[in-house]
Number of protein chains: 2
Amino acid sequence: MVLNERKKRILQIIIEDYISTAEPVGSRTIARKYDLGLSPATIRNEMSDLELLGFLEQPHTSAGRIPSARAYRFYVDSMIEPGTLTENDQALIDAWYRERIRNIDEIFQSTAKILSRMTKNVSMVLANKQGSRFFRYLKFLPLDGKRAILCLVTDDGVVDNCVIEIPIGMTQEELDYLSSRITNKLQGFNLAGITGDMLRDVYSDLAQDKLLFSSIFEALHNIGSSNSEQKVFLGGTRQLLNQPEFRNVDRIKDLLSILEEEKVLKDILHAGENSGVKITIGSENKFTGIQDCSMVQATYRLNGRVVGTMAVLGPTRMEYGKIISVMDYLHQYLSNIFEEGRK
Amino acid sequence: MVLNERKKRILQIIIEDYISTAEPVGSRTIARKYDLGLSPATIRNEMSDLELLGFLEQPHTSAGRIPSARAYRFYVDSMIEPGTLTENDQALIDAWYRERIRNIDEIFQSTAKILSRMTKNVSMVLANKQGSRFFRYLKFLPLDGKRAILCLVTDDGVVDNCVIEIPIGMTQEELDYLSSRITNKLQGFNLAGITGDMLRDVYSDLAQDKLLFSSIFEALHNIGSSNSEQKVFLGGTRQLLNQPEFRNVDRIKDLLSILEEEKVLKDILHAGENSGVKITIGSENKFTGIQDCSMVQATYRLNGRVVGTMAVLGPTRMEYGKIISVMDYLHQYLSNIFEEGRK
DNA sequence: TGTTAGCACTCCAAGCAGGAGAGTGCTAAC
DNA sequence: GTTAGCACTCTCCTGCTTGGAGTGCTAACA
């Protein structure tokens, strides 16, 4: 069961060659391309052993061999070195983010995009914003006689705004008074947990003004719910087109139809949320429809709480090493951003 | 050149049959499927005439015939009746928008999505926001010792915000003073046209404080440019997968690579901006890469100014009638939204 | 004169055979 | 333990054949 060094080396060559070419690898090819000092025949013997051990598979007798799920597992567990991103790649990521992060959704969306771009596979980012935002203060900015702008700042320093209707003739002073009352009352509360009763308690005038009350409540509710929900961001679905595994349109459609269902994606991502970096290879995956794919997933946390999960999904023949290092780097990057947001 | 009724009828049948089946239509099929009271031989004669006139083409001798670009043009110009959307479809669109319009970008994005969904083709929406926004006022909201939130309100009632760095120890009073000075100076100006010099003129203290000055200027510049730009929203690129014309992955890739280039899309959309509804069939289109496609495009205006353009792109074999009625309906819907936003 | 039946013709698609190429497994020799 | 040699297998490509679908033409019919 334990592989000697030569077998390991050959297995690694087969895996890496197959990852880059997507063609079954034959003994002759190995002898020619890699200087092992071994004849094809010897390599053949070793390959035969590796097949018996379950590391290699033959699509048909006279094709070369391809790595089995088990081989990838072995490769991932004990053959890839940590690896860091090239400076070039790092610079690319840095620049990418620098241009794009204006609000929290953009951070996730950008992460999904750059992740897929760098790994040449489909990426998914689950933003787990539930319960993450606490009321800090709100202000009303003037707009016109009938409407005002409600600006809500949460403790993570993110600002939301929403146009609300106000009673005609309401003055800015009244609005300012109202905002400080509301702020006093709601400060520190989780946005998602703000109820109509809490708002009604602010002061009796507000509760009686149906229009104002409901437009404020609705605004808070909208802001709260739009941000407290979990959201999945998909990136690079068109990368599928470049993978030989997806030469045929029907396979692409099958996979896309799964990716379209947000609920399924959430389930998939939640399943791997507990471990730090999780690699699922082929049928190790329990979800139907992606069992011939592999997935590399990383969860990021802030103060122990799960903030989000990112994953790369693609054919089992994927560049695990590269993907892991890209994710590592993104992980750091995001942590920094969130830490700063917190301050 | 003028077609008699029978020829017209046969041409229409061929076009509509081909649109729905994507298979060349033969004389026998027509005789069997549609009750014309004519034998295949007669129909054949008519088809032969239609081919001579340039309305039909044969992929090869023993296939049926398919409509030429000219046939589609004729069909579009004189055979499709205006047509209204089914109530079902209308309700679908209404519900779709009701759930989704929270900010201006979402309106465009949602339009692209529903448009592609209902027409089963790729959609493009060009949001032409250039020059549309004028400075109304700005406010600074407190955040922490080193940072504040810049809230900018434009005359269309849209609020943007941005976190800026401020000198340590700057008080809210100072910020308020600053904001009113800036507002006085910049009110009414087009966001895109605000220069560093204008801001420097506000008052000398500001010009001297490099940090504050540059962070405010950068914020204004970001907000201005991010919104004054024209933006293209794409919808339903994956609809391509369902079109038999795109069975082969390489064709999809070719088209997608064009759709990825925002500049090209803008050119394409601008080209049809002047007419109300424009239909471009096959090689009528001047842009390389989409010359075997058709495009239906509609431009929407507000007070004479072009606000945006939407288009559906797909194989020449598309349901022109349906597409036009969907667009009509969306057009009305958007007009209403924008009119209201204006008020 | 318009319509239709009949028939030869064309072309594609599918199925099959044969050869080339790639790769394997086995055996015997080093 | 390693390697050369060789027979074997399987896919892929090519060329060939055949059946089906559709056409165009001609002659007969109303």
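Everything below is about the structure printed above this text.
Predicted, not measured: the structure shown is a model, and the values here were computed from it.

Details of the protein's contact with DNA strand C
Now for step 1: In the neighbourhood of DNA strand C, 21 residues make up the surrounding shell, with Ser27 and Arg65 of chain A together with Arg6, Thr42 and Thr61 of chain B lying closest.
Now for step 2: A share of 75% of the atoms of DNA strand C within 4 Å of the protein falls on sugar and phosphate groups.
Now for step 3: A distance of 2.5 Å is found between a phosphate oxygen of DNA strand C and a side-chain nitrogen or oxygen belonging to Ser27 of chain A.
Now for step 4: Listing elements by their share of the surface near DNA strand C, those giving two or more residues are α2 (27–33) and α3 (40–52) of chain A together with α3 (40–52) of chain B.

Observations regarding the sheet that holds strand β7 (residues 230–235) of chain B
Residue and element names in this part refer to chain B.
Now for step 1: Here we have five strands laid out as an open sheet, ordered β7-β3-β10-β9-β8, and antiparallel in their pairing. Single-partner strands in this sheet number two, and they are β7 and β8 (277–281). This sheet shows a mean twist of 15° between the axes of neighbouring strands, independent of strand direction.
Now for step 2: Of the strand pairs in this sheet, strand β3 (residues 122–128) and strand β10 (residues 305–315) are connected by six bridges, and their pairing is antiparallel. Bridging across to β10, Leu126 finds its partner in Thr309.
Now for step 3: Strands β3, β7, β8, β9 (293–302) and β10 of the sheet are contacted by helix α12 (residues 262–271), whose axis makes an angle of about 95° with β7.

As for the interface of chain A and chain B
The extent of an interface is frequently quoted as the accessible surface area lost upon association of the parts.
Now for step 1: Across the contact, 34 residues belong to chain A and 32 residues belong to chain B.
Now for step 2: At the boundary of chain A with chain B, total buried surface from both sides reaches about 2,800 Å², with 55% on carbon and sulfur atoms.
Now for step 3: Linking Glu260 of chain A and Arg238 of chain B is a salt bridge whose minimum nitrogen-to-oxygen distance equals 3.1 Å.
Now for step 4: Remark: the boundary between chain A and chain B carries 10 residue pairs in polar contact (both at pLDDT 80 or more).
Now for step 5: Only β4 (135–142), β5 (147–154), β6 (159–165), α10 (210–228), α11 (249–259) and α13 (320–342) of chain A provide two or more residues apiece to the side of chain A that touches chain B.

Parameters at a glance
- Residues numbered from 1 in each chain as written.
- Chains lettered and ligands numbered in written order.
- Predicted model: local features only at pLDDT ≥ 70, side-chain atom pairs only at ≥ 80, totals over all residues.
- Heavy atoms only, no water.
- Near = heavy atom within 4 Å.
- Polar contact = N/O pair within 3.5 Å; in protein donor to acceptor, adjacent residues only side chain to side chain.
- Helix = DSSP H or I, 4+ residues; strand = E, 2+ residues; numbered from the N terminus.
- Pairing = 2+ DSSP bridges.
- Axes fitted to C-alpha atoms, helices over the stretch in contact; angles between N-to-C directions.
- Contact = heavy atoms within 4.5 Å.
- Buried area = accessible area lost by both parts, 1.4 Å probe.
- Salt bridge = Lys/Arg side-chain N within 4 Å of Asp/Glu carboxyl O.

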